[in-house]
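# Structural characterization, general
Spelled out from the first residue to the last, the chains are:
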Amino acid sequence: MFDRRTALRGAGILGAALALPACQGRPDVELRLAAGESGGFFWEFSGLLAAAAQRAGTDRITPVQSSGSADNLEALHAGRAELALSLIDTVYESPYRSEVTAIGCVYENYFQVAVRTDSAVAALADLRGRSVSTGASGSGAAALSQRVLAAAGLSEPGAVQAVALSMQDAAGGLADGTIDAAMWAGGLPTPAFGAAGTAIRLLDLSDVVGVLRQRFGTAYEAVPVPAGVYGDHGAVTTVGVANVLLARRDVPDGAAAGVVDLLIDDSTQLVPAQAVGSQFLDVQSLILTGDIALHPGAVEEYRRRHG
């Protein structure tokens, strides 16, 4: 459903991005962008996008921390944000789906299941009876975790001891041994886990990808994870799911068009350091938003620039 392209290594982190000096003559419009957890892919991308808006002198983009995709959609619904990032499968399942439009399909996220390097767990089936972080409440990973567990035959009550932890807390839980595994969706490597100081390895999810696609459609695909992303571990296959940049329907057309310009003109500056694998950030793939309608202002700008 979505084409993938090799990611360019991007520079910049959120702190540096938001520390750029303000440009004179900046418009008064502020677009609050519901992003995600500190240390996650959404949060890093949102900082790079905010920095691009500052450089261009366009409408100000202000990242807002959240628990993740479902929380971001709630923020759009409640009017706490004008823009949001979400996993595409979360949008499809959201009660607010009809209220949102897409600016573009920006990147692919990697659903990851990690254990300590010294763990006896070798496959998803080995998680039976163990303590597993299934993602923070309000995150897209929380729902996808349940689908992955079901695809692995671990859906019955008590099959795993599920706990809802943020990425930072899950990384700490792996480090101190209070959980046996952590599930999350993010880039490669996800900083919260790469900087945890504990050697981890990812479980191979090859066997569940086909089940997910059969049950839920082509929002999911098999994506390779290179060896050594988190240390001394082998290559595995995991579940890829697209990220979409969303907007409320009442965002002005000109503001939506301005964000499209940033995605096109600053594409090489919008690649998070986590984007080791694949990306969508080119014109052809930006418009591949599945069943989520593009914002009218985005449609106009894509047509103006590329016919």
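For every chain, the first residue of its written sequence is number 1, and the numbers climb from 1 along that sequence. Whole-chain, interface and lining totals are the exception, using all residues; otherwise, since this is a predicted model, local features are given only for residues with pLDDT of at least 70 and side-chain atom pairs are given and counted only at 80 or more. The side-chain figures draw on all heavy atoms in the structure; neither hydrogens nor water molecules are used.

Take the overall build of the protein chain next. Looking only at helices and strands, one finds eleven helices and twelve strands in the protein chain. In the protein chain, which comprises 307 residues, the proportion classed as buried is 54%. Pairs at least 24 apart in sequence give 80% of the contacts found in the protein chain among residues at least 6 apart. Secondary structure elements follow DSSP: runs of H or I of four or more residues count as helices, runs of E of two or more count as strands, with numbering from the N terminus. Each residue is placed in one exposure class: buried if its accessible area under a 1.4 Å probe, protein chains only, is under 20% of its type's maximum, exposed if it is over 50%, and partly exposed if it falls in between. Whether two residues are in contact is decided by their heavy atoms, any of which lying within 4.5 Å being enough.

So, about the pattern of salt bridges. By definition, a salt bridge exists where a carboxyl oxygen of Asp or Glu is found within 4 Å of a side-chain nitrogen of Lys or Arg. A full pass over the atoms with the stated rule returns eleven salt bridges. In this structure, Asp-118 engages Arg-116 in a salt bridge whose closest nitrogen and oxygen atoms are separated by 3.3 Å. In this structure, the salt-bridge partner of Arg-248 is Asp-250, at a minimum N-O distance of 2.9 Å. A relative accessible area of 52% places Asp-250 in the exposed class. Among the charged side chains, a network of salt bridges with common partners joins Asp-261, Asp-265 and Arg-305.

This brings us to the environment of Gln-168. Assignment of secondary structure puts Gln-168 in helix 6 (residues 167-176). The spacing of Gln-168 and Phe-193 is 25 residues in sequence and 7.5 Å in space, taken between C-alpha atoms. Contacts of Gln-168, omitting those with residues within four sequence positions, involve Glu-37, Ser-38, Gly-39 and Ala-192.

Another point: the confidence of the model for the protein chain. Across the protein chain, pLDDT averages 87, with 88% of residues at or above 70. No element of the protein chain has a lower mean pLDDT than strand 1 (residues 5-6), which averages 31, and none a higher one than strand 6 (residues 131-133), which averages 98. Below pLDDT 50 for its whole length, residues 1-26 participates in 67 contacts with residues either more than four positions away or in separate chains. Confidence scores per residue from the predictor, reported as pLDDT, run from 0 to 100.

Only one face of strand 3 (residues 60-64) is covered, namely the face carrying Ile-61 and Pro-63; the face carrying Arg-60, Thr-62 and Val-64 is uncovered. Here, any two strands with at least 2 DSSP bridges between them count as paired. As defined by bridge partners, strand 2 (residues 30-34) adjoins strand 3 across five bridges and the pair is classed as parallel. When the sheet's bridge partners are listed, Ala-34 is paired in strand 3 with Val-64.

With that settled, the discussion passes to the packing of aromatic side chains. Pairing of aromatic rings covers Phe, Tyr and the six-membered ring of Trp, with a centre-to-centre limit of 6.5 Å; geometry is then stacked below 30 degrees between planes, edge-to-face above 60, and tilted otherwise. Under the defined criterion, the tally for this structure stands at five aromatic pairs. A ring pair is formed by Phe-41 and Tyr-107, whose centres lie 5.4 Å apart and whose planes are at 70 degrees; its orientation type is edge-to-face. Here Phe-41, found in helix 2 (residues 41-56), pairs with Tyr-107, found in strand 5 (residues 100-116); they are 66 residues apart in sequence, far enough to count as distant. No difference in accessibility class separates Phe-41 from Tyr-107, as the two residues are buried. Their ring planes at 85 degrees and their centres at 6.4 Å tell us that Phe-216 and Tyr-220 sit as a pair that is edge-to-face. Residue classification places Phe-216 among the partly exposed positions, given a relative accessible area of 36%. Judged by relative accessible area, which is 0%, Tyr-220 ranks as buried.

Next up on the list: the environment of Leu-205. Residue position: Leu-205 is located in the loop between strand 9 (200-202) and helix 8 (206-216). For the pair Leu-205 and Thr-237, spaced 32 residues apart in sequence, the C-alpha to C-alpha distance is 5.7 Å. Here Leu-205 is in contact with Phe-111, Val-113, Leu-124, Thr-237, Thr-238 and Val-239, once residues within four sequence places are set aside.

Structurally, Asp-118 is set in the loop between strand 5 and strand 6. In sequence terms Asp-118 and Ala-199 are 81 residues apart; their C-alpha atoms lie 8.2 Å from each other.

Further remarks concern the nonpolar core. What is meant by a nonpolar core is a set of buried Ala, Val, Leu, Ile, Met, Phe, Trp, Tyr and Cys residues, joined one to another through side-chain atoms within 4.5 Å. Ranked by internal contacts, the top residues of the largest apolar core, which has 77 residues, are Leu-127 and Leu-263. With nine residues, strand 5 is the largest single contributor of residues to this core. Domain borders in the structure are assigned automatically or taken from a domain database. The residues that make up this core include at least three from each of domain 1 (30-107 + 242-306) and domain 2 (110-241). Apart from residues lying up to four places away in sequence, Leu-127 is in contact with Val-113, Val-121, Val-132, Leu-154, Ala-159, Val-160, Ala-181, Met-183 and Leu-203.

Looking along the chain, the bond that leaves Leu-188 and enters Pro-189 is cis, with omega of -10 degrees. Within the secondary structure, Pro-189 is located in the loop between strand 8 (181-186) and helix 7 (191-194).

Take the packing of helix 5 (residues 140-151) against helix 8 next. As a rule, the C-alpha atoms of each element are fitted with a line to give its axis, helices using only the stretch in contact, and angles between N-to-C directions run from 0 to 180 degrees. Taken N-terminus to C-terminus, the directions of helix 5 and helix 8 make an angle of 110 degrees; their axes are 9 Å apart at the nearest point. Looking at the two axes, helix 5 sits roughly perpendicular to helix 8. Like other packed secondary-structure pairs, helix 5 and helix 8 cross with a definite hand, here right-handed. The residues of helix 8 that touch helix 5, namely those facing Arg-147, Val-148, Ala-150 and Ala-151, are Val-208, Val-211, Leu-212, Arg-215 and Phe-216. Nonpolar residues are Ala, Val, Leu, Ile, Met, Phe, Trp, Tyr, Cys and Pro. Charged residues are Asp, Glu, Lys and Arg, and all others, Gly as well, are polar. By residue class, the composition of the contact of helix 5 with helix 8 is seven nonpolar, no polar and two charged. Here the angle decides the label: under 35 degrees means roughly parallel, over 145 means roughly antiparallel, 65 to 115 means roughly perpendicular, and every other value means oblique. Working rule for handedness: look at the near helix, and if it is turned counterclockwise from the far one by less than a right angle, call the crossing left-handed; if clockwise, right-handed.

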